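Coordinate analysis (summary)
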Amino acid sequence: MAAAGAEAAAVAAEEEKRLPEGDPESGGDSEDEGDSDSSGDGEDEEKENEAEIQRLEEQLSINAFDYNCHLDLIKLLRQEGELVKLRRARQKMSELFPLTEEIWLDWLKDEIKMASESSEREKVYELFERAVKDYICPEIWLEYAQYSIGGIGQEGGIEKVRSIFERALTAVGLHVTKGTALWEAYREFENAILETAQPAPGSVPSPEQQQMLCSQLEKIHTLFRRQLGIPLLDMEASYAEYEEWSEDPIPETIIKNYKKALQQLEKCKPYEEALLGAETPKLAEYQAYIDFEMKAGDPARIQLIYERALAENCLVPDLWARYNQYLDRQLKVKELVLSAHDRAVRNCPWTVGLWIRYLLAMERHRVDHSIISEMFEKALNAGFIQATDYVEIWQAYLDYLRRRVDFTQDSSKELEELRSAFARAVEYLKQEVEERFSESGDPSCTIMQNWARVEARLCNNMQKARELWDNIMTKGNAKYANMWLEYYNLERAHGDTQHCRKALHRAVQCTSDYPEHVCEVLLTLERIEGTLEDWDAAVQKTENRLARVNEQRAKAAEKEAALAKQEEEKAEQRKQARAEKKASKKAKKNRVGDKRKADDDDEGEWGQEEEEQPSKRHKGDGDGIHLEEDMEVETGLYGRSGPEKPDRPGNQKEKASTSRKDIPKVLHDSSKDNVTVFVSNLSYTMADPEVKLKELFESCGEVAEIRPVFSNKGTFRGYCYVEFKEEKSALQALGLDRKVVEGRPMFVSPCVDKNKNPDFKVFRYSTTLEKHKLFISGLPFSCTKEELEDVCKAHGDVKDIRLVTNRAGKPKGLAYVEYENEAQASQAVLKMDGLTVKEHVIKVAISNPPLRKLPDKPEAGRASQFAVPRQVYGARGKGRTQLSMMPRALQRQSTPVAKAENGMVQNSPATSSEPPEEPKKMSNADFAKMLLKK
């Protein structure tokens, strides 16, 4: 009864805390301090809250899985005192998500205040039962037990309270830091009953009363003894309280158990202290604690520490997976296992592994087939973010259906359901998954392969298996030897020799990766089972095929060797040219005094850089036009990279002189890169580009010079350099990137020499998986950014929208939409995929651009020749308009690794261009001869 009084006092205190400042019941002097302005502000705030509540409700009607939106709505409704709407909002959220301890406690306390009649108390009991199932929380159990004490006057009230306390002790009684409060509340309740059972002073108790007193005393003794055998904080105080309360000495067995629990508590203390001092989410500390309890091996303690960890890390799929695995393999209690699996998929619905484990657990515990099928359908609607996830969940469900079939019967309902599910899976991956993710998710057709195995091995239907394999091969798998050998093995085990031979002959003709393997298998088959004619045909076919393969490989090797040799010759020519320049410069330095020598040395270094820069950027021509082309290709903004021309020094002078006669050179001073921007993708027909662009870029700052690039015929090539007076103007000009000029998006990028900055990235968008961003295809070309935003913002907060256009500025029907978080993006995929926009059905998927394959071009050949790691080209591989930016020091095969590394130093252009053989250029004798010639 004392506990009930304490509860009432606590509720009253809580209610006082919730009274707003200035409330008349709080005794404040709000009337004295308030004025018309403050009351007006209060009305404005109330209207703003009502508008916000309406907005949140509309948002949830569109996207019911917005977790943060649910929280904001509940907070506002509680603040405004909208109890009916508040109850409805909490109910909807609890149906979709497991609620946290704080949300449940607020909800329960609000309902307790409003519950006065017995029928309303029963609803509160039901709410408590739902609350204790979401997470194991000591505070909720304690609140539940204390609330039940209020119904002690009803029939069976005492037994109900004891039942709730016992369940609470089973759930959280082992909690090292919070379990003590529950044990003490239970003992306080039993002590209150003992006080009511005491006879009046001076009266003699009847035998029934005496028996009841003894029974009640024994209950309290038992509670003390049970508690003292568990490692809990403040055990010493509980032991001292027991000594004071008990009239008899404490038994030796209880003392022994108490000391053992104390020792165990000392082992647990470091882990509890680590949790106390750690910051959220404390995952590493909880994992160490779990490992400790796993070694101890107490199932109840292991379950409790897992539940404690999950209460603070409910969105960590790996933690749920480890917990469910432990329950599946160790405890194997149906209600406990299935409850944990259900909470796991509700917290982390995007994790396919949790759904698969749930399906297996339901099958393991013999759950009804209709319930398992319903759970599988929920998994399909969970919004997985990868195409392969759908393949895995389908495979798990098909495995379950296969295990239900009795294959001793020729036909059965289960077998027909299995075949129907296989057909549906293939169609689902093709229609739903492939359209959503732009990839099949099952390129090797594993589901169809398993279907073929079931038909061949279990149903003896080889004809159906052959049809399936024929379908597999038509999906781009005919070029792989392992696919043909898989089919051959199935045919060998369950088919006949004729079909085996037919399959291998097709394999020899179609395989492109390892034709030797299938040729060897074909010859082995004919050696064992074939006739002479079969052997001759097989030998002839394999020889012809391998001859063609070897010829193709030889041509490829010759091409690669020629490219390597050509590159080696170019490198040697550049090396000799640099050596000659250096020798002439050193000879010139020795003709002057020390001071002049030092000055000329500095000038020579800069002069060297200016002379060598064109050679770094030219691919063949020595004029300024190709200098600009190479710069433009290196930045990756020009659509067509010009064909590479071999570096022939003998022809360079002739070509350069011819081009100089046609048009003036367009030189670029690399020292002014910081005040210069590179502009490309301009219209070739732009009249007077200097005037047009000057008007455009003057808004960013004072323009020093605009240098457009023209072809040999004098036509504008669509790109130019814009040089400003100040660096901040150049930075501001970058904001004009993608601005439409004469119907085309103008590309503006920093002026960077990628020979000196190989890590410079031009493509400013991510090429990896972005879970908060959507890729939309199938849009009508007339769709504007504003129209698309109206469609997308209904499913979450849109941060950015980018419509993809071609180089001419025409829309391609594609777009990227960025949301605030992953949850909004996932829900938008579910709601928008397949939506009709202006009579066009759009496809929506999480943004995950596929990797680009390296093109089979000379650049790729050079890269493989010099063993450059593939990662240097970025996540998408080497683009079509990118050149190899490998430092030349790495391209010298004869240079040791250490020197190649030194050659990669980018700090000084002069240093990077000097060969490691510098001391061998001129000897003392050479200098003496040179001086004697004066």
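These remarks concern the structure in this document. (Residues numbered from 1 in each chain as written. Predicted model: local features only at pLDDT ≥ 70, side-chain atom pairs only at ≥ 80, totals over all residues. Heavy atoms only, no water.)

1. Focus: the overall build of the chain
Applicable threshold: Only DSSP runs of H or I covering at least 4 residues are called helices, and only runs of E covering at least 2 are called strands; the numbering of each starts at the N terminus. Residues are treated as being in contact if the distance between any of their heavy atoms lies within 4.5 Å. What sets the accessible areas is the Shrake-Rupley method with a 1.4 Å probe; for residues, cover comes only from the shown protein chains.
Scanning the chain from terminus to terminus reveals 38 helices and eleven strands. Sequence separation of at least 24 residues holds for 64% of the intrachain contacts in the chain that already meet a minimum separation of 6. Carbon and sulfur atoms make up 50% of the accessible area of the chain, which totals about 51,100 Å².

2. So, the environment of Lys692
Mapped onto the elements of the fold, Lys692 is located in helix H31 (residues 689-697). Separated by 49 residues in the primary sequence, Lys692 and Val741 place their C-alpha atoms 9.7 Å from one another. The contacts of Lys692, once residues within four sequence positions are left out, are Met686, Val741 and Glu742.

3. Some remarks on the pattern of salt bridges
The following threshold applies: In the sections that follow, a salt bridge refers to a side-chain nitrogen of Lys or Arg positioned within 4 Å of a carboxyl oxygen of Asp or Glu. Relative accessibility under 20% of the residue-type maximum defines a buried residue, over 50% an exposed one, and the middle range a partly exposed one, all with a 1.4 Å probe and only protein chains included.
Per the stated rule, a full pass over the model turns up 44 salt bridges. Across the pair Asp110 and Arg78 runs a salt bridge, and its minimum N-O distance is 2.8 Å. Placement of the pair is Asp110 in helix H6 (residues 101-114) and Arg78 in helix H4 (residues 67-80), with a sequence separation of 32 residues. For Asp110, a relative accessible area of 9% gives the class buried. Overall, the relative accessible area of 28% leaves Arg78 in the partly exposed class. Glu723 is the partner of Arg707 in a salt bridge, and the nearest nitrogen-oxygen pair spans 2.9 Å. Placement of the pair is Arg707 in strand S2 (residues 703-710) and Glu723 in strand S3 (residues 716-724), with a sequence separation of 16 residues.

4. Digging into the sheet that holds strand S7 (residues 798-805)
The strands making up a sheet associate through backbone hydrogen bonding, with each pair oriented either parallel or antiparallel. Heads up, the condition is: If DSSP finds at least two bridges between two strands, the strands pair. Interaxial angle, 0 to 180 degrees, is taken between N-to-C directions of lines fitted to C-alpha atoms, where a helix line uses only the stretch in contact.
A sheet is described by the order of its strands in space; here four strands give the open sequence S7-S8-S6-S11, paired in antiparallel fashion. Either end of the sheet is taken by a strand with one partner, and the two such strands are S7 and strand S11 (843-847). Along the sheet, successive strands turn relative to each other by an average axial angle of 25 degrees, direction set aside. Pairing of strand S6 (residues 770-777) with S11, which is carried by five bridges, proceeds in the antiparallel orientation. Residue pairing in the sheet places Glu770 in a bridge with Ser847 of S11. Contacts between helix H34 (residues 822-832) and the sheet are confined to S6, strand S8 (811-819) and S11, with S6 contributing the most and set at about 25 degrees to the helix.

5. Comments concerning the nonpolar core
What counts, and what does not: By convention a nonpolar core is built from buried Ala, Val, Leu, Ile, Met, Phe, Trp, Tyr and Cys residues, the set being connected through side-chain atoms within 4.5 Å.
Ile140, Phe165, Ile393 and Trp394 are the most contacted members of the largest nonpolar core, which totals 161 residues. Excluding anything up to four places from it in sequence, Ile393 contacts Val352, Trp355, Ile356, Leu359, Phe376, Ala379, Leu380 and Phe384. Grouped together as the second largest cluster of nonpolar side chains are 20 residues, Val677, Leu696, Cys700 and Ala730 included.

6. Some points on the packing of aromatic side chains
For clarity, the cut-off: Here is the rule: rings of Phe, Tyr and Trp (six-membered ring for Trp) pair when centre to centre is within 6.5 Å. Planes less than 30 degrees apart are stacked, more than 60 are edge-to-face, and the remainder are tilted. Two conditions define a charge located above a ring, namely a distance within 6 Å from the ring centre to NZ of Lys or CZ of Arg, and an angle within 35 degrees of the ring normal.
Counting across every chain of the model gives 32 aromatic pairs. Each ring, one from Tyr271 and one from Tyr289, has its centre 5.3 Å from the other, and the planes form 15 degrees; the classification is stacked. One end of the pair, Tyr271, is in helix H13 (residues 252-277); the other, Tyr289, is in helix H14 (residues 283-296), and 18 residues separate them in sequence. Since its relative accessible area comes to 1%, Tyr289 is described here as buried. Measuring from centroid to centroid gives 5.1 Å for Phe384 and Tyr390, while their planes differ by 65 degrees, and the two rings are edge-to-face. Given a relative accessible area of 3%, Phe384 falls into the buried group. Put simply, the rings of Phe376, Phe384, Tyr390, Trp394, Tyr397, Tyr400, Tyr428 and Phe437 pair up and form one aromatic cluster. The ring centre of Tyr147 lies 4.2 Å from the NZ or CZ of Arg121, which sits over that ring. Sitting above the plane of the Tyr125 ring, Lys160 keeps its charged end 3.6 Å from the centroid.

7. Structural notes on the packing of helix H22 (residues 446-458) against helix H23 (residues 462-477)
Put simply, the rule is: Between 65 and 115 degrees an angle is taken as roughly perpendicular, under 35 as roughly parallel, over 145 as roughly antiparallel, and anywhere else as oblique. The crossing is said to be left-handed when, going from far helix to near helix, the turn is anticlockwise and less than a right angle, and right-handed when the turn is clockwise. Ten residues, namely Ala, Val, Leu, Ile, Met, Phe, Trp, Tyr, Cys and Pro, are considered nonpolar, four, namely Asp, Glu, Lys and Arg, are considered charged, and the remaining ones, Gly among them, are considered polar.
One can describe the packing of H22 onto H23 by two numbers: an axis separation of 8 Å at closest approach and a directional angle of 165 degrees. Taken together, the axis directions place H22 and H23 in an arrangement best described as roughly antiparallel. For the element pair H22 and H23, the recorded crossing hand is left-handed. Counting all contacts with H22, which are made through Met448, Gln449, Trp451, Ala452, Glu455 and Ala456, the residues of H23 involved are Met462, Lys464, Ala465, Leu468, Trp469, Asn471, Ile472 and Lys475. In terms of residue class, the contact of H22 with H23 is built from nine nonpolar, two polar and three charged.

8. Description of the sheet that holds strand S4 (residues 739-741)
If you walk across this open sheet you meet the five strands as S2-S3-S1-S5-S4, and the pairing is antiparallel. Strand pairing shows two members of the sheet lacking a second neighbour, S2 and S4, which therefore form its edges. Averaged over neighbouring strand pairs, the angle between their axes works out to 30 degrees when direction is ignored. With four bridges connecting them, strand S1 (residues 676-680) and S3 associate as antiparallel partners. Bridge pairing in S3 places Val677 opposite Val722. Strands S1, S2, S3, S4 and strand S5 (744-750) of the sheet are contacted by H31, whose axis makes an angle of about 140 degrees with S2.

9. Brief notes about the packing of H14 against helix H16 (residues 317-331)
Two elements in contact, H14 and H16, have axes whose closest approach is 13 Å; the angle formed by their N-to-C orientations is 15 degrees. Considering their axes alone, H14 and H16 lie roughly parallel with respect to each other. Regarding H14 and H16, the two cross each other, and that crossing is left-handed. Seen from H14, the contacting residues are Leu283, Gln287, Ile290 and Met294; seen from H16, they are Leu319, Arg322 and Tyr326.

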